[in-house]
Amino acid sequence: MTDLTKDNPTKTLIRFALPMIASVIFQQIYNIADKVIAGQFAGEDALAAVSASYPITMIIMAFALGTNIGCSVVISRFYGAKKYSDVKTTVTTSFFLALTAGITLSVISKFLSVPILRALNTPDNIFADAAVYLDIYIYGFLFLYLYNICTGVFNALGNSRTPLYFLIASSIGNIILDYVFVAILGWGVAGVAWATFIAQGISCILSIIALIGEMKKIRTTKKAPLVSSNALKKIFILAIPSILQQSFVSIGTLMIQGMVNSYGSSVIAGYGVAIQLNTFAITVFNTSANAISNYTAQNLGSGNTDRVRQGYRSSIKIGAVISLPFIACFALGGSFIVSLFLKEPTELAMQTGREFLWIISPFYLVVMVKLATDGIMRGASAVGFFMASTFSDLLLRVILAYILSPIYGVRGIWYSWPIGWILSTLLVVFFYLKGWWLPKNMRDQSVKP
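Quick notes on the rules
Residues numbered from 1 in each chain as written. Predicted model: local features only at pLDDT ≥ 70, side-chain atom pairs only at ≥ 80, totals over all residues. Heavy atoms only, no water. Helix = DSSP H or I, 4+ residues; strand = E, 2+ residues; numbered from the N terminus. Rg over C-alpha atoms; globule rule 2.2 N^0.38 Å. Buried < 20%, exposed > 50% of the residue type's maximum accessible area, 1.4 Å probe, protein only. Salt bridge = Lys/Arg side-chain N within 4 Å of Asp/Glu carboxyl O. Contact = heavy atoms within 4.5 Å. Core = buried A, V, L, I, M, F, W, Y, C linked by side-chain atoms within 4.5 Å. Expected span 1.5 Å × (residues − 1). Axes fitted to C-alpha atoms, helices over the stretch in contact; angles between N-to-C directions. Parallel < 35°, antiparallel > 145°, perpendicular 65-115°, else oblique. Left-handed = near helix turned anticlockwise from the far one by under 90°.

Considerations on the overall build of the chain
Along the chain, the regular secondary structure elements total 14 helices and zero strands. Going from N to C terminus, the chain has its helices and strands arranged as α-α-α-α-α-α-α-α-α-α-α-α-α-α. Taken over C-alpha atoms, the radius of gyration comes to 21 Å for the chain, in line with the 22 Å a tight globule of 449 residues would show. In terms of overall dimensions, the chain has C-alpha extents of about 60 × 45 × 35 Å along its principal axes. Among the 449 residues that make up the chain, the fraction classed as buried is 59%.

Concerning the pattern of salt bridges
Applying the stated criterion across every chain, the model contains five salt bridges. For E214, the salt bridge goes to K217, with nearest N and O atoms at 3.5 Å. For E214, a relative accessible area of 7% gives the class buried. Taking relative accessible area as the criterion, K217 reaches 55% and is therefore assigned exposed. The partner of E355 in a salt bridge is R411, and the shortest N-O contact between them spans 2.8 Å. Here E355, found in helix α11 (residues 347-360), pairs with R411, found in helix α14 (residues 410-434); they are 56 residues apart in sequence, far enough to count as distant. Under the relative-accessibility criterion, R411 is labelled partly exposed at 36%.

Structural notes on the environment of A193
With respect to the helices, strands and loops of the structure, A193 is situated in helix α7 (residues 189-216). Through-space distance from the C-alpha of A193 to that of Y139 is 9.9 Å; in sequence the pair is 54 residues apart. In this view, A193 contacts Y133 and I136; residues no more than four positions away in its chain are not counted.

As for the nonpolar core
Generally speaking, a soluble globular protein has its nonpolar side chains buried in company with each other. F326, F356, Y364, I413, W414, W417 and W437 are the most contacted members of the largest nonpolar core, which has 92 residues in total. Considering every element that reaches this core, the biggest residue donor is helix α9 (residues 265-301), with 17 residues. The residues contacting W414, other than those within four sequence positions of it, are V260, Y271, T352, E355, F356, I359 and I360. Counting 43 residues, the second-largest nonpolar core is a separate cluster that includes A64, F95, L97 and Y145.

Some thoughts on α11
The first and last C-alpha atoms of α11 sit 20 Å apart over 14 residues, in line with the 20 Å expected at 1.5 Å per residue. By the criterion of burial, α11 is predominantly enclosed, with ten of the 14 residues buried. Those residues of α11 not exposed but buried are A349, M350, T352, G353, R354, E355, F356, L357, I359 and I360. In this fold, the buried residues of α11 make contact with α2 (44-80), α9, α10 (305-339), α12 (364-379) and α14.

A closer look at the side chain of T89
One can find T89 in helix α3 (residues 84-119). Using a relative accessible area of 4% as the deciding quantity, one classes T89 as buried. Those residues within four positions of T89 in sequence are excluded, and the remaining contacts are A224, P225, L226, V227 and S228.

Quick word on the environment of A119
Tracing the backbone through its elements, the reader meets A119 in helix α3. Residue A119 is classed as exposed on the basis of its relative accessible area of 61%. Through-space distance from the C-alpha of A119 to that of K11 is 49 Å; in sequence the pair is 108 residues apart.

Observations concerning α2
Note on helix geometry: an α-helix contains 3.6 residues per turn, so any two residues three or four positions apart are oriented the same way. Taking 1.5 Å of rise per residue, the 37 residues of α2 would be expected to cover 54 Å, and the 50 Å separating its terminal C-alpha atoms lies within 8% of that figure. One or two steps after α2, the chain reaches K82, where phi turns positive at roughly 65°.

So, the packing of helix α6 (residues 161-184) against α7
In contact at an axis separation of 8 Å, α6 and α7 are set at 155° when each is read in the N-to-C sense. It follows from the interaxial angle that α6 and α7 lie roughly antiparallel. In this structure, the crossing between α6 and α7 has a hand that is right-handed. Judged by residue contacts, T162, F166, S170, N174, L177, D178, F181 and V182 of α6 engage G191, V192, W194, A195, T196, I198, A199, Q200, S203, L206, S207 and A210 from α7.

Laid out in structure tokens, this is it:
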């Protein structure tokens, strides 16, 4: 466990963030492997089916990510303030919430997944495979939910290495199972889904066992309650806005997917490759932002606002270094990367993926600034400003996609990304510079940003 309120902010953030970033890279690698193996061994339609399911899985995942953020920030605050009994109670309360929500959402998703696929005008030639993939994904959602809670707790305690070890093992196992189920056994899309289900299940169980051991290391003077309504309330205050944020972003992605679906399966396949690569980059940037959230929460818990500002500047520098390789790879090598996913790609699929990456990747530096600033807002529990930034980005992207696509075709949808990013970044940076994110009792400590 690491105390993020000590030592040089830049070094502290690098030591804390690097295992988190490595974890998410491995997670994205096995997500990408799903599509590469589907495209290479099951064909373009199989890849399109997995891609068409992706926005729906994002909506389901939004609940797990939102709860992760809520419990992580609350635990970080208690840990920074040395309130160890509250730390333990919040951890067990988080698991109670995850179990209840995970089972409920799995049942609801089971009934709604097929109607949503129909509402999105999913082409008939990929509909059955997309439905099969979603069914199996939903079976494993509880594992995914609980694993995210474990990761959030570990990160809140400053331990970003343990989740990395489990994710490396899970990623390697997932890729091996992908190959066995799809390339050797010929299970197609179902094989991709079962590989993910098994790998996530094992990773979840091992993470829970490790977390129990971690909790035993935290000594308290009295027995901590297993469930607390006060802890649950604090988690909800942060988790609900985060879930709404993640859900609305997913809904926006779903609406854009519906627009893309109208262009046929080749465009869906090319877009599916490109959006997965874009998600890879954005998830890495967002993980760096999650690190600054935990850092902010611990330091505000200890009353050190100056150190939060120092960490913010360090986070932007770290983010810039991380974003440049993605910009170079996607802008210069987009065609080659897209070709890796498809065995016999159509020219339309190749063109779609290539153009999407060329248009959006130069703006990753802007995204990095936005997400780092969002991380400060989250860590400071300034959820109103955080949501305003996120929703402005989402609304602009969806509205502009509908306006520009009749004029520029499918490229008009791609143009909406950078415009939304730029305007929402200006908004959240304005909030930060004004200092409105600081708790009221700390604003008198405000110094030059």
